[in-house]
Amino acid sequence: MKIAIVCYPTFGGSGVVATELGLALAEKGHEIHFITYKQPVRLELLSKNIHFHEVSVPDYPLFHYQPYELALSSKLVDMVKLHKIEVLHVHYAIPHAYAGYMAKKMLEEENIHIPMVTTLHGTDITLVGSHPFYKTAVTFSINNSDVVTSVSQSLKEDTLQLFDIKKEIHVVPNFIDIPKKINPFTDCQRTMMADRDERIITHVSNLRKVKRVKDVIEIFDRIQKKIPSKLIIVGEGPEREDCERLCAQKGIEEKVLFVGNSNEVDKILCFTDLFILPSEKESFGLAALEAMACGVPVISSNTGGLPEVNIQGVSGFLSEVGNVAEMAENALKILATEKTLQTFKMQAIEAAMVYDTKKIVPMYENLYEAAIDNSRIPKPQ
Ligand code: GMT
């Protein structure tokens, strides 16, 4: 199939999922066209089946806000015609589903019928999409997608509760290439990060309020009082400065490393003993799944889709949002002995296997095929 993928090219989870999906589909022989404003961070243009088309929005003094949706929908029309694209897959409803719908309509004028698959990722529904400023347009673009998917059962339920949805929502969970994750590094360079007797604890996110990064520090503070340990915080975002200040106030700044955005998350996970994700909201928690696939147990909140990924007492533990005392206690349980830690590490990998790329990507292929078949059937006037 010839598939166009629209996504955010940055470090966010939705862009990562879209890129990994495109790469997996290209490996299976599909022709993939990424259409976005910058080359996605995880995209390597080394395959004949992968194409990248940049959307540019020229500056103009009249524009207070740049009309990105307009430029994107025009680009989509041009690329669909030029490359004979058969299906459009937009990731993150805002504004991609809206721009995709406009492209579809423009193409219909020329008698080209292309189905649009919209994947809902989380904040496009829970934090941003349901805001009164966007809700009408988001509802419209979901209801006018040919196929709608959500990355977890929990996100499907949130969408049905927050919006007036007339479409079926298919749950297609996020995925991970497990064989690529298991022991990819022979030398983990652990000693560069911590002393031999220290445990390494990691958090990866875009350091926004919703991730509750201060809770990560509170939990770590309790852990480091009981066992020698280091905390690595990966990612950039608005909470970073406050969190650095909090570490200094607690006198633990020497034990906490803020490493910024990284393309080497797998390397960091390779020497990590425990992952912490105490988010306020989390539609799925791709970061937790990535950790588990690398054999790292997870301490998380029990919000949103996290209980679908992190299995209580198996791959780690879940607690109510904000219950840092219980999260720290559970972390100490996992780290108590080498034997317990190894058991949780093995169990984390096993739990991650449910979401292996090979199991999930065919779900998207089936939906594309059905959508293409359906778009060929003339609709009643
Ligand atoms: O919150 C983020 O980390 C970014 C955000 C995004 O859309 O890029 O992530 C959302 O989508 C991810 C991929 O489907 C999910 O794994 C995250 O749970 C989800 N974030 C939230 O719901 C807060």
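Just so we're clear, the structure is a prediction, and the values are computed from it rather than from any experiment.

Participant: Which residues make up the overall build of the protein, and what values go with them?
Facilitator: When its secondary structure is counted, the protein shows 14 helices and 13 strands. In terms of overall size, the protein behaves like a compact globule, its C-alpha atoms giving a radius of gyration of 22 Å where 381 residues would be expected to give roughly 21 Å. Taking the principal axes of its C-alpha atoms as reference, the protein extends roughly 70 × 45 × 35 Å. Here the protein holds 381 residues, and the buried ones make up 53% of them. Accessible area of the protein: about 17400 Å², with a carbon and sulfur share of 53%. Seen as two clouds, the 41 positive and the 49 negative side-chain charges of the protein have centres 1 Å apart.

Participant: Before we move on, can you summarise the side chain of Lys-211 with the specific residues and values?
Facilitator: Residue position: Lys-211 is located in the loop between strand 8 (199-204) and helix 7 (213-226). Since its relative accessible area comes to 11%, Lys-211 is described here as buried. Setting aside its immediate chain neighbours within four residues, Lys-211 contacts His-203, Ser-205, Asn-206, Pro-278, Ser-279 and Glu-282.

Participant: Account for the packing of aromatic side chains, with residues named and values stated.
Facilitator: The tally for this structure, following the rule as stated, stands at 7 aromatic pairs. Centre to centre, the rings of Tyr-37 and Tyr-68 are 5.7 Å apart; their planes meet at 85°, and the pair counts as edge-to-face. Taken together, the positions of Tyr-37 in the loop between strand 2 (31-36) and strand 3 (50-54) and Tyr-68 in helix 2 (residues 68-83) put the pair 31 residues apart, joining distant regions of the chain. With a relative accessible area of 13%, Tyr-68 lands in the buried category. The ring of Phe-163 has Lys-135 lying over it, and the distance from NZ or CZ to the ring centre is 6.0 Å. Directly above the aromatic system of Phe-317 lies the positively charged group of Lys-333, at a separation of 5.2 Å from the ring centroid.

Participant: Can you tell me about the domain arrangement of the protein, naming the residues and giving the values?
Facilitator: Many descriptions give the size of an interface as the accessible area lost when the pieces come together. Assigned domains within the protein: domain 1 (2-175 + 357-376) and domain 2 (178-355). Measuring from the centre of the C-alpha atoms in domain 1 to the corresponding centre in domain 2 gives 30 Å. In this complex, domain 1 contributes 23 residues to the contact, which on the side of domain 2 involves 18 residues. Taking both partners together, domain 1 and domain 2 bury about 1500 Å²; carbon and sulfur atoms supply 56% of that area. The tally of links between domain 1 and domain 2 comes to 0 salt bridges.

Participant: An account of the site of the ligand is needed here, citing residue identities and associated values.
Facilitator: Around the ligand lies a shell of 19 residues, among which Ser-14, His-121, Asn-174, Glu-282 and Ser-283 are the nearest. The backbone of Gly-13 places a nitrogen or oxygen atom 3.0 Å from an oxygen atom of the ligand. Within the contact set of the ligand, an oxygen atom lies 2.9 Å away from a side-chain nitrogen or oxygen of Asn-174. Here the ligand, which alone exposes 480 Å², has 93% of that area covered by the protein. Considering each element in turn, the shell around the ligand owes the most residues, 3 residues, to helix 1 (residues 13-27).

Participant: Mind laying out the sheet that holds strand 12 (residues 298-301), listing which residues take part and the relevant values?
Facilitator: Strands sit in the order 10-9-8-11-12-13 across an open sheet of 6 strands; the sheet is parallel. Each edge of the sheet is formed by a strand with only one pairing partner; in this case those strands are strand 10 (256-260) and strand 13 (316-319). Neighbour to neighbour, the strand axes of the sheet diverge by 20° on average, direction disregarded. Sheet strands in contact with helix 10 (residues 286-293) are strand 8, strand 11 (274-277) and strand 12, and its direction is about 170° off that of strand 11. In the packing of helix 12 (residues 324-335) onto the sheet, the strands contacted are strand 8, strand 11, strand 12 and strand 13, and the crossing angle to strand 13 comes to about 170°.

Participant: Describe the pattern of salt bridges, listing the residues and the values that go with them.
Facilitator: Enumeration over the complete set of coordinates arrives at 24 salt bridges. Note that Glu-239 and Lys-209 form a salt bridge whose closest N and O atoms lie 3.5 Å from each other. In this pair, Glu-239 sits in the loop between strand 9 (229-234) and helix 8 (240-250) while Lys-209 sits in the loop between strand 8 and helix 7, placing the two residues 30 residues apart along the sequence. Salt bridges here are not isolated pairs; linked through shared partners, they connect Lys-209, Lys-214, Glu-239, Glu-241, Asp-242 and Arg-245.

Participant: Can you break down the packing of helix 12 against helix 13 (residues 338-352) residue by residue, with the values?
Facilitator: Helix 13 packs onto helix 12 with a crossing angle of 100° between their chain directions and a minimal axis gap of 6 Å. Relative to helix 13, the element helix 12 is oriented roughly perpendicular. When helix 12 is examined against helix 13, the residues Lys-333, Ile-334 and Leu-335 are found in contact with a partner set consisting of Thr-340, Leu-341 and Phe-344. Split by residue class, the contact of helix 12 with helix 13 holds 4 nonpolar, 1 polar and 1 charged.

Definitions and cut-offs
Residues numbered from 1 in each chain as written. Predicted model: local features only at pLDDT ≥ 70, side-chain atom pairs only at ≥ 80, totals over all residues. Heavy atoms only, no water. Helix = DSSP H or I, 4+ residues; strand = E, 2+ residues; numbered from the N terminus. Rg over C-alpha atoms; globule rule 2.2 N^0.38 Å. Buried < 20%, exposed > 50% of the residue type's maximum accessible area, 1.4 Å probe, protein only. Areas by Shrake-Rupley, 256 points an atom, 1.4 Å probe, with all protein chains shown as cover. Lys, Arg positive; Asp, Glu negative; His and termini not counted. Charge placed at Lys NZ, Arg CZ, Asp CG, Glu CD. Contact = heavy atoms within 4.5 Å. Phe/Tyr/Trp six-rings, centres within 6.5 Å; stacked < 30°, edge-to-face > 60°. Lys NZ or Arg CZ within 6 Å of the ring centre and 35° of its normal. Domains from an automatic or database assignment. Buried area = accessible area lost by both parts, 1.4 Å probe. Salt bridge = Lys/Arg side-chain N within 4 Å of Asp/Glu carboxyl O. Near = heavy atom within 4 Å. Polar contact = N/O pair within 3.5 Å; in protein donor to acceptor, adjacent residues only side chain to side chain. Pairing = 2+ DSSP bridges. Axes fitted to C-alpha atoms, helices over the stretch in contact; angles between N-to-C directions. Parallel < 35°, antiparallel > 145°, perpendicular 65-115°, else oblique. Nonpolar A, V, L, I, M, F, W, Y, C, P; charged D, E, K, R; others polar.

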